[in-house]
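In case you want the letters, here they are:
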Amino acid sequence: MVERNSEPSAQERAGRPFPVSWDQFHRDCRALTWRLNEVGPFHAVIAITRGGLVPAAIVARELGLRIIDTVCVASYDHDKQGDLKVLKGISEQTAKLGGGTGKGLLIVDDLVDTGKTGRLVRQLLPDAHFATVYAKPKGRPLVDTYITEVSQDTWIYFPWDTALSFQPPIRDGAA
Ligand SMILES: O=P(O)(O)OC[C@H]1O[C@H](OP(=O)(O)OP(=O)(O)O)[C@H](O)[C@@H]1O
Ligand code: HPA
Ligand SMILES: [Mg+2]
């Protein structure tokens, strides 16, 4: 038998599953770019790793941006949020493009949940534009542009974290 930690994970607490397919994610990233196109131009895209890498690639392609940097942050260990650690900041070259405060830089992440990650990155680059594909209510005030809001008790399952699997028919108790 697998020993379980008594404390429920963020994913278990969230309860409401929201699976996102690659198609849907691509569509949502394109919708996000339509909005960002009205706000820019931007000098560079900064992805918050790792989840921000996928939307950053799509947004950069659509906006014609070729300078892409990362802020590497570690927080959730699978689904439990620990202390935030900045493992790598942006390069000196990107910082210069943003005049030191991030002006004209576009920060991209897949989602904002409690806002802990977004708050940290905003402290590093207060004048940057912060965009996420999805937003939960607690983190939403930190985001400048997002596409879809989901409730705080929703857990978003991204396509790179999931695989197709058999589901029992609804009549037999499927969720
Ligand atoms: O608003 P918050 O409560 O801080 O949560 C949002 C962050 O959590 C996830 O990243 P995670 O730390 O799991 O790392 P990953 O991107 O490497 O999967 C997600 O990609 C966001 O960056
Ligand atoms: O809803 C979520 N889904 C995936 N990763 C996450 N990290 C924080 N919240 C979430
Ligand atoms: Mg992340």
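A quick note: this is a predicted structure, and the numbers were derived from the prediction, not measured.

Section: the packing of aromatic side chains
In this structure the tally under the stated criterion is 7 aromatic pairs. Here F25 and F158 contribute two aromatic rings whose centre-to-centre distance is 5.9 Å and whose plane-to-plane angle is 85 degrees, an arrangement assigned as edge-to-face. Linking F25 in helix α2 (residues 22-39) with F158 in the segment after β8 (154-157), this pair joins segments that are 133 residues apart in sequence. Residue F25 is classed as buried on the basis of its relative accessible area of 1%. Note on F158 and W160: the rings are 4.8 Å apart at their centroids and 5 degrees apart in plane angle, and the pair reads as stacked. Residue W160 is classed as partly exposed on the basis of its relative accessible area, which comes to 28%.

Some thoughts on the site of ligand 1
Around ligand 1, 15 residues are found, and the nearest of them are S75, D109, D110, T114 and T117. Contact distances for ligand 1 include 2.7 Å between an oxygen atom and a side-chain N or O atom of R50. Coverage of ligand 1 by the protein chains reaches 88% of its 500 Å² of free accessible surface. Going through the elements one at a time, β3 (68-77), β5 (105-112) and α5 (116-124) are the ones with two or more residues in the shell around ligand 1. Residues of the shell around ligand 1, tallied by class, amount to 3 nonpolar, 7 polar and 5 charged.

A short note on the side chain of D69
Turning to its location among the elements, D69 is positioned in strand β3. Judged by its relative accessible area of 10%, D69 is buried. A polar contact of 2.8 Å, which involves the side chain of D69, links it to the backbone nitrogen of S91. With near-sequence residues (within four places) excluded, D69 lies in contact with V45, I46, A47, K88, I90, S91 and T94.

Looking at the UniProt feature "binding site: guanine" (unreviewed entry) in the chain
The UniProt feature table records "binding site: guanine" (unreviewed entry) at D113 and I156. Separation in sequence by 44 residues is not matched in space for these annotated residues, since their most distant C-alpha atoms are only 9.9 Å apart. Position of D113 among the secondary structure elements: in the loop between β5 and α5. What makes D113 buried here is its relative accessible area of 14%. Its location among the elements puts I156 in strand β8. Taking the relative accessible area as the measure of exposure, I156 reaches 6% and is therefore buried. If we skip the residues at most four places from it in the chain, I156 touches F18, V20, L111, Y134 and V150.

Some remarks on the nonpolar core
Soluble globular proteins tend to bury their nonpolar side chains together. Core analysis: the largest hydrophobic core is formed by 22 residues, its most contacted members being F25, L32, L36, V45, L106 and Y134. At the level of elements, α2, β2 (44-49), α3 (53-63), β5 and β6 (129-135) are the ones that each hand at least two residues to this core. For F25, the contacting residues outside a window of four places in its chain are V20, V54, P55, V133, Y134, F158, P159 and W160. Counting residues in each nonpolar core, the second largest holds 14 residues, with V112, A128, F130 and V143 among its members.

Basis of the calculations
- Residues numbered from 1 in each chain as written.
- Chains lettered and ligands numbered in written order.
- Predicted model: local features only at pLDDT ≥ 70, side-chain atom pairs only at ≥ 80, totals over all residues.
- Heavy atoms only, no water.
- Phe/Tyr/Trp six-rings, centres within 6.5 Å; stacked < 30°, edge-to-face > 60°.
- Helix = DSSP H or I, 4+ residues; strand = E, 2+ residues; numbered from the N terminus.
- Buried < 20%, exposed > 50% of the residue type's maximum accessible area, 1.4 Å probe, protein only.
- Near = heavy atom within 4 Å.
- Polar contact = N/O pair within 3.5 Å; in protein donor to acceptor, adjacent residues only side chain to side chain.
- Areas by Shrake-Rupley, 256 points an atom, 1.4 Å probe, with all protein chains shown as cover.
- Nonpolar A, V, L, I, M, F, W, Y, C, P; charged D, E, K, R; others polar.
- Contact = heavy atoms within 4.5 Å.
- UniProt positions renumbered as here; feature names shortened; annotations may be inferred.
- Core = buried A, V, L, I, M, F, W, Y, C linked by side-chain atoms within 4.5 Å.

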